[in-house]
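Residue strings, one per chain:
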Amino acid sequence: MGFFIDDGMTLSADIPPRPGVHPGFKFRYRPALTLRAYEWREADKSTPVKTFEADVKLLKDQIVDWTIPLDLSIDTLKRLPMADIQTMCFMVTRFMGVEQAESEKNSPSASA
């Protein structure tokens with residue numbers, strides 16, 4: 001991977017098992033481009049329901065496939081535990097925020 005996110009690129013991730021809930025699963029996703037990540041971050045999240053809807057829509061847009069033996073749909077995503085939804089959103093948008101700032105601090109200067 002270079003300096004930029006290729007819109008066709010996919011990455012894989014694991015969600016760990018949650019005893020009594022699910023055995024864990026893998027998913028493949030397209031990292032959110034910067035504009036999409038900002039759109040998600042700035043979405044109307046004035047209520048828990050609006051936050052949840054924004055999170056589920058982001059995941060539906062970015063996840064390519066998964067090992068859960070159910071269709072990848074909004075209704076199925078809504079049935080995941082909140083902690084998994086939040087973890088997956090972080091993974092999909094991980095090129096922004098604190099991680100991006102830390103990365104920029106450690107990058108060589110363009111003028112060096």
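In this report, the structure presented in the accompanying data block is examined. Predicted, not measured: the structure shown is a model, and the values here were computed from it. (Residues numbered from 1 in each chain as written. Predicted model: local features only at pLDDT ≥ 70, side-chain atom pairs only at ≥ 80, totals over all residues. Heavy atoms only, no water.)

This part takes up the overall build of the chain. Secondary structure assignment for the chain yields 5 helices and 3 strands. Taken from N to C terminus, the helices and strands of the chain fall in the order β-β-α-α-β-α-α-α. Taken across its 112 residues, the chain has 31% of its residues classed as buried. Counting contacts in the chain only where the partners sit at least 6 residues apart, residues at least 24 apart contribute 55% of the total. When the accessible surface of the chain is split by element, carbon and sulfur atoms take 58% of a total near 7400 Å². (Helix = DSSP H or I, 4+ residues; strand = E, 2+ residues; numbered from the N terminus. Buried < 20%, exposed > 50% of the residue type's maximum accessible area, 1.4 Å probe, protein only. Contact = heavy atoms within 4.5 Å. Areas by Shrake-Rupley, 256 points an atom, 1.4 Å probe, with all protein chains shown as cover.)

Bringing the pattern of salt bridges into the picture now. Side-chain pairs of opposite charge can arise whenever the charged atoms involved come near each other. Inspection of every chain in the model, using the stated rule, returns 8 salt bridges. The residue Asp61 makes a salt bridge to Lys57 at a minimum N-O spacing of 2.9 Å. On the criterion of helical spacing, the pair formed by Asp61 and Lys57 is a turn pair, its members being 4 residues apart in helix H2 (residues 48-62). The exposure class of Lys57 is partly exposed, given its relative accessible area of 45%. Members of the salt-bridge network, linked through shared partners, are Arg36, Lys57 and Asp61. (Salt bridge = Lys/Arg side-chain N within 4 Å of Asp/Glu carboxyl O.)

Right, let's talk about the layout of surface pockets for a bit. The computed volume of the second largest pocket comes to approximately 240 Å³. Lining the second largest pocket are 13 residues, with His22, Phe25, Ile68, Leu70 and Leu80 positioned closest to its centre. Along the lines of polarity and charge, the residues of the lining of the second largest pocket split into 8 nonpolar, 4 polar and 1 charged. (1 Å grid on protein atoms, 1.4 Å probe; cavity = no way out; pocket = protein on both sides within 12 Å on 5 of 7 lines; lining within 4 Å. Points joined across faces, edges and corners; volume = space filled by probe spheres on them. Nonpolar A, V, L, I, M, F, W, Y, C, P; charged D, E, K, R; others polar.)

Within the sequence span of helix H4 (residues 82-92), burial applies to Asp84, Ile85, Met88, Cys89, Met91 and Val92. The buried residues of H4 occupy an angular sector of 160 degrees when the element is viewed end-on, so they sit on one face. Of the exposed residues in H4, the ones pointing more than 90 degrees away from its buried face are Met82 and Phe90. Lining the buried residues of H4 we find strand S1 (11-15), strand S2 (25-29), helix H1 (34-42), H2, strand S3 (63-66) and helix H3 (74-77). (Arc of directions from axis to C-beta.)

Turning to the packing of H2 against H4, a few remarks are in order. Their axes nearest at 10 Å, the elements H2 and H4 cross at an angle of 55 degrees. By the angle class used here, H2 and H4 are oblique. The element H2 and its partner H4 pack so that their crossing is left-handed. Across the interface between the two elements, Phe52, Asp55, Val56, Leu58, Leu59 and Gln62 from H2 touch Ile85, Met88, Cys89 and Val92 from H4. The residue inventory of the contact of H2 with H4, partitioned by class, reads 8 nonpolar, 1 polar and 1 charged. (Axes fitted to C-alpha atoms, helices over the stretch in contact; angles between N-to-C directions. Parallel < 35°, antiparallel > 145°, perpendicular 65-115°, else oblique. Left-handed = near helix turned anticlockwise from the far one by under 90°.)

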